[in-house]
Amino acid sequence: MEKITEKLLLEKGSPKANKLEQIKTLNLSKLALKHQDLPVRLLSCLQSLERWDLSGNRLQEFPKNLEMPALRCLDLSNNQMEDVTTLESLGSLEELKMEDNLYITVSDNYKLMVLLPNLRIYNGKDVTTTANHLRYVYSENLRTRIIAVWEKSFCLPDPITAEKMSVLETKFVSTARQQVKFGPSSVSDFTKWRVEIMAKEYLRSLTEPKEETENKKSTDTKDNCEVSTPTKRKQNILVMDTSIRLTPRKKLRTDFPDSSVEDSPRKSSLRLKPQTLTQTNTVRMSPRKTAQPPSTPTRGQMRTETPRRGVRQTKDDGAQIKQKEDVSKNDCKATELQRDADMQHIVKSCKTQQPVCLKPLHVLQCHSKQDSSEDFSTQLWACAFQPLPDSTGAGGGSRLVATCGGDSLCVIDCETGMVMKKYKVPGEEFFSLAWSTVLMSRGGGATAQHCSILAAGGKRGLVKLIHPRNNVAYGEFRASRKSLSVLRFNHHKGNFLFTGSYDNKIVMWDIGGVDIQYNFKVVQLLVLEISATPLHICLPPTSPSSHLLTACEDGLHCYNTQLGTNNTTKRSKEMEITFPIYKKEDKDHDYHTIDGLSFLTDDIVASKSYMHGSIYLWSWSRTKAQRPDKKNGAVCAVVLAELQWANTEIPYLALNTCPGQDYIVCGDDKGRLWTYHVANLQKNSFQAGKPILPTEVLEWPAPVRKGLGQVEGPSINSVAMDPELHFLVALSDKNMVIVWEREESS
C-alpha cells in the first residue's frame, strides 16, 4: 500500500492528494500487487483517470464498488484474476485486457461483455458484435425461457410476504437454472449465471409498481427492433442486436415456442399442391443495378441482346421427353426404362428413410447499412457452411456459416445465432463467397497444418482472402476489371479457385498456401471464354480437375479444365447442355437463363430456369456421353425427373443440395422453401411424365417487428445446408438471414 500511495502522490509532480483528481493515466504494472493492496478510498479520488495499467501483478479480483466514471482503458493482463464480476462498477470502460490470466474462461469473457455495457475492445479485438448479441438477443432468448418456466410451474403467493417471496425466489431461481437450456455447453456457466440474475429480476418485476418496472427495463434491457432506443446505446448497437424477432403472433419472442402446436409457424407448412399456387406478374427490379458500373451488365438485364442459341426444335406431346429428333420409339421406351432404373437406384441407395423436420430458429439483420435495424433493402447473395479441415482438405461440416451481401461478410454460429466474425469493406458489394482448406506452413521444419479460409468477391472485381479463425483478412488480388458474379474452389485441390465475372469470363487461379506471416502467391492458370454472365459454377464430384459446368444467363455450358492438355491458357466451351423446356420458348418466354445448379450425387444434377416452374434432375455421365451437335455443340440433358417448383418470373433464386441427406431445397419469391427428399419420392412419380410434388413447402416464418407488424415474405436468393442437415440457412433480398434447425425425431 505504501508503494501505491507514494506512486499516486508523486503523480504530476505534486505531493498533494487533491491533485489526484487531475490524473488521467496511471501505471501500476509489475509491482507484485494483490487485490488487498489497492487502497479503495485513495483510488476513489481518481475521478479523471482514463487509462490504468495494472498488468503483471498478482490480483485475484478487482476492488468491489470502485467507481471511476472517466476510466476508459484498463490493463489487467498477466494477473491471477478469478472473479470478473467485481469489474461491474466500471460502467464507462471501453477497452479491457485480460490476457495471461490462467483462470479466466470463455464464460468469464461473456460475463464481462454483459457487465460492461460500453466494452468495445477486449484483448485487442473488437467484440462489439458478440457483446451486443449477448446483451440483447441472447438475453432475450433466456428471458423467454425463464418466463415459460414461471408460467408453467409457479405463481405468486397469496398473501405476498417477505418470507414467502424469499422461499419462492430460491425455488424459482433454482428451477430456472436447471431447466433453461440455451447456447453451447462450453458457456453453460455463463448461461446459468445470467439466468439466475434475470430470474430474480423477473420475479421482482411481478411485484414492483408497473411504472418502476418499465423504467428499469428501459435502462437494463433493449428491444432489438425498438425505435425509441436511447441514443447512447443505439450508437453502440452493431449487427446482431438488429435481429428481427421471430413470432407467429403478436407476443414478442426471439425464438419459436416448442411446446405449442397452435403457435407453431410450421402449422401451415404442409405440402402445397400445384393448383393452389398462382403465377405472379411481379417484375423484379435489377438486383444488382446499383452495384454495377454503367458498362457492366447486371443480373436483372435479361438476355434480349444475346442471339438465341441454335437448338434443334422438336414437337413435345407432353407424355415423354425425346432426346433427339431422330430417336425411334423403341429407343424412347428404353430411355424411359433406363431413367426409371436410374432413379430407383438413387432412391434405394439413400441413407435417410424419413424426411427431416425443420423449424425456424433465428432471423438476423447482420448486413445492415450503418448497422440500422431499419434496413430492409440490402440484398444478400451467397452463403456456405464451413468445411472442417482434415488431411485431405475435404472435411465434414460445422455449424458455422458464412453469408455475404452489401459491403459485409459475416460468419454466423447457427446454434446460438451469434455473428462470430464480420468483415466490412466500404464501397464493396459482395456477390459471392467460397470456403476452402489450404496449407499453412509454420517454418522451422514444423509440419504444415490445414486451415479453413474464405474467399469473397463482388462489385470491385477483387477477391478477398480471409482466415476467420485468426480473424485476419490476409490478402486480396484483382480477378477482373468488372464485377465478380461467382466464386468456386476445387474441392480436391483446395488452392485452385475459379472466379466468374461480368466480362463473360471464368478464370482459374492457384492461390497457393500461406505461411505464418500470411505471405501468399497467386498464379493465373486458365481463362474460359463465356458467352454471357456466369451465375453458378459446378465441378463434377468425380472429375473436378477436368470438367466445369457453368450456369449462365444464356444457358448451361461445359468446359474442359484439364491442365496440360494443350498449351493455350484460353479455352472455349466444349458443349452446351440444353433442356426440353427450350422447345416451348417464344418471344415472351426465354428459358435459357439457368439460375440454379448443383450436384445431388456424383452423377445426378439439379438445375432450373426461373421461368420454367420446375427443377430438372438429369444425369451428368449420360449427358456427357452423347456426341455434341456439329453445328452448335449442343447436347440434350438426359432428364431423369422433373420437380414441381414455384411459378414466378423472378430470377436468381438459387437452389442447393445436401447430398449426404438426399435433399434439394429452393426458395421462392414469397419467402417459402421448397424441399425435396429424393429418397421419399414414389416410384410411380417417375413414370407419370408429370412434375413431382415437393416433399414439403416450408412457409415464411413471418417475423414481427415491434409496432410495425409482420415482415412479408421476401425473395429467397440463396440457401445452404450443412452436410448432415442439422441447419439450413436462407438469404433474402430484404436483408434477412433465416436459420432453420432440424428437429430431432422422437
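Here the structure is a predicted model, which means the values were calculated and not measured. (Residues numbered from 1 in each chain as written. Predicted model: local features only at pLDDT ≥ 70, side-chain atom pairs only at ≥ 80, totals over all residues. Heavy atoms only, no water.)

### Brief notes about the overall build of the chain
- Counting secondary structure elements, the chain contains ten helices and 39 strands.
- Counting only residues that meet the buried cut, the chain has 54% of its 746 residues in that class.
- When contacts within the chain are restricted to residue pairs at least 6 apart in sequence, long-range pairs at least 24 apart make up 57% of them. (Helix = DSSP H or I, 4+ residues; strand = E, 2+ residues; numbered from the N terminus. Buried < 20%, exposed > 50% of the residue type's maximum accessible area, 1.4 Å probe, protein only. Contact = heavy atoms within 4.5 Å.)

### Brief notes about the packing of aromatic side chains
- Under the criterion given, the structure shown has 16 aromatic pairs.
- Here Trp150 and Phe172 contribute two aromatic rings whose centre-to-centre distance is 5.2 Å and whose plane-to-plane angle is 75°, an arrangement assigned as edge-to-face. Taken together, the positions of Trp150 in helix H4 (residues 128-153) and Phe172 in helix H5 (residues 162-179) put the pair 22 residues apart, joining distant regions of the chain. Like Trp150, the residue Phe172 is buried in the burial classification.
- Put simply, the rings of Tyr110, Tyr138, Phe182, Phe190 and Trp193 touch in pairs and so form one group of aromatic residues. (Phe/Tyr/Trp six-rings, centres within 6.5 Å; stacked < 30°, edge-to-face > 60°.)

### Examining the sheet that holds strand E13 (residues 449-458)
- One open sheet accounts for five strands, arranged E15-E14-E13-E12-E19; its pairing is mixed. On the outer flanks of this sheet lie strand E15 (472-478) and strand E19 (514-515), each paired with one strand and no other.
- Note that strand E12 (residues 430-441) and E13 share ten bridges and pair antiparallel. Each residue of the ladder has a partner; that of Ser432, found in E13, is Gly457. (Pairing = 2+ DSSP bridges.)

### What about the sheet that holds strand E22 (residues 547-552)?
- Pairing is mixed in the open sheet, where five strands are placed in the order E21-E22-E23-E25-E29. Looking at the sheet topology across the chains shown, the edges are occupied by strand E21 (534-538) and strand E29 (634-636). The sheet shows a mean angle of 30° between the axes of neighbouring strands, taken without regard to direction.
- Looking at chain direction, strand E23 (residues 555-560) and strand E25 (residues 575-578) are connected through three bridges and run antiparallel. (Axes fitted to C-alpha atoms, helices over the stretch in contact; angles between N-to-C directions.)

### With respect to the environment of Val739
- The residue Val739 is located in strand E39 (residues 737-743) in this model.
- Val739 sits in the buried class, given a relative accessible area of 1%.
- The sequence separation of Val739 and Ala720 amounts to 19 residues, and the corresponding C-alpha distance is 9.8 Å.
- Contact partners of Val739, with chain neighbours within four places excluded, come to Lys359, Pro360, Leu361, His362, Cys414, Phe727, Leu728 and Val729.

### Brief notes about the nonpolar core
- In this structure, Trp52, Leu54, Leu74 and Leu96 are the most contacted members of the largest nonpolar core, which totals 58 residues.
- Secondary structure elements with two or more residues in this core: helix H3 (106-115), H4, H5 and helix H6 (188-205).
- Leu74 has contacts with Trp52, Leu54, Phe62, Leu87, Leu90, Leu93, Glu95, Leu96 and Lys97, leaving out every residue within four places of it along the chain.
- Residues Phe599, Val605, Trp620 and Val635 belong to the second largest nonpolar core, which totals 23 residues. (Core = buried A, V, L, I, M, F, W, Y, C linked by side-chain atoms within 4.5 Å.)

### Brief notes about unusual backbone geometry
- Cis geometry is adopted by the peptide bond preceding Pro159, which originates at Asp158 and carries an omega value of 5°.
- Structurally, the position occupied by Pro159 is in the loop between H4 and H5.
- Its identity is not glycine, yet Asn65 carries a phi of approximately 60°, on the positive side.
- Along the chain, the position of Asn65 falls in the loop between strand E2 (51-53) and strand E3 (73-75).

### A short note on the packing of H5 against H6
- H6 packs onto H5 with a crossing angle of 145° between their chain directions and a minimal axis gap of 9 Å. Judged by the sense of rotation from one axis to the other, the crossing of H5 with H6 is right-handed. Across the interface between the two elements, Met165, Leu168, Glu169, Phe172, Val173, Ala176 and Arg177 of H5 pack against Lys192, Trp193, Val195, Glu196, Ala199, Lys200, Tyr202 and Leu203 of H6.
- Of the residues contributing to the contact of H5 with H6, the split by class is ten nonpolar, no polar and five charged. (Left-handed = near helix turned anticlockwise from the far one by under 90°. Nonpolar A, V, L, I, M, F, W, Y, C, P; charged D, E, K, R; others polar.)

### Comments concerning the pairing of E13
- With respect to burial, E13 is a largely interior element, eight of its ten residues being buried.
- One ladder, built from four bridges, connects E13 with strand E14 (residues 462-467); its direction is antiparallel. Within E14, the residue paired with Ala456 across the bridge is Lys464.
- Where E13 folds back onto E14 in an antiparallel hairpin, the turn is made up of three residues, including Gly461, whose phi is positive at roughly 80°.

### Some details on the pairing of strand E17 (residues 496-501)
- With six of six residues buried, E17 lies mostly within the body of the structure.
- Here E17 shows a buried face lined by Phe496, Phe498 and Gly500 and a second buried face lined by Leu497, Thr499 and Ser501.
- In this sheet, E17 lies alongside strand E16 (residues 484-489) in antiparallel orientation, the contact comprising five bridges. Looking at the pairing, Val486 lines up with Gly500 of E17.

### Concerning H4
- For H4, built from 26 residues, the straight-helix expectation of 38 Å at 1.5 Å per residue is met to within 8% by its first-to-last C-alpha distance of 37 Å.
- Where H4 bends most, at Leu134, the angle is about 40°.
- With 20 of 26 residues buried, H4 lies mostly within the body of the structure. (Expected span 1.5 Å × (residues − 1). Bend = angle between axes of the 7 residues up to and from the residue.)

### Notes on the pattern of salt bridges
- A full pass over the atoms with the stated rule returns 15 salt bridges.
- Between Glu94 and Arg72 there is a salt bridge; the shortest N-O distance is 3.8 Å. With Glu94 in the loop between E3 and strand E4 (95-97) and Arg72 in the loop between E2 and E3, this pair connects stretches of sequence that are 22 residues apart.
- Overall, the relative accessible area of 27% leaves Glu94 in the partly exposed class.
- The class for Arg72 is partly exposed, based on a relative accessible area of 32%. (Salt bridge = Lys/Arg side-chain N within 4 Å of Asp/Glu carboxyl O.)

### Things to note about the environment of Asp586
- Within the element layout of this structure, Asp586 appears in the loop between E25 and strand E26 (594-599).
- Asp586 sits in the partly exposed class, given a relative accessible area of 37%.
- Polar contacts involving the side chain of Asp586 include one to the main-chain amide nitrogen of Asp588, which spans 2.8 Å. (Polar contact = N/O pair within 3.5 Å; in protein donor to acceptor, adjacent residues only side chain to side chain.)

### So, the confidence of the model for the chain
- Per-residue pLDDT for the chain averages 77, and the proportion of residues at 70 or more is 74%.
- In this model residues 10-17 is a low-confidence stretch, pLDDT under 50, and it forms ten contacts with partners more than four residues away in sequence or in other chains.
- Note that residues 682-688 has pLDDT below 50 and, in this model, 13 contacts with residues that lie over four places away or in other chains. (pLDDT = per-residue confidence, 0-100.)

### Examining the environment of Leu380
- By secondary structure assignment, the location of Leu380 is in strand E8 (residues 380-388).
- As a C-alpha pair, Leu380 and Met736 span 356 residues in sequence and 7.6 Å in three-dimensional space.

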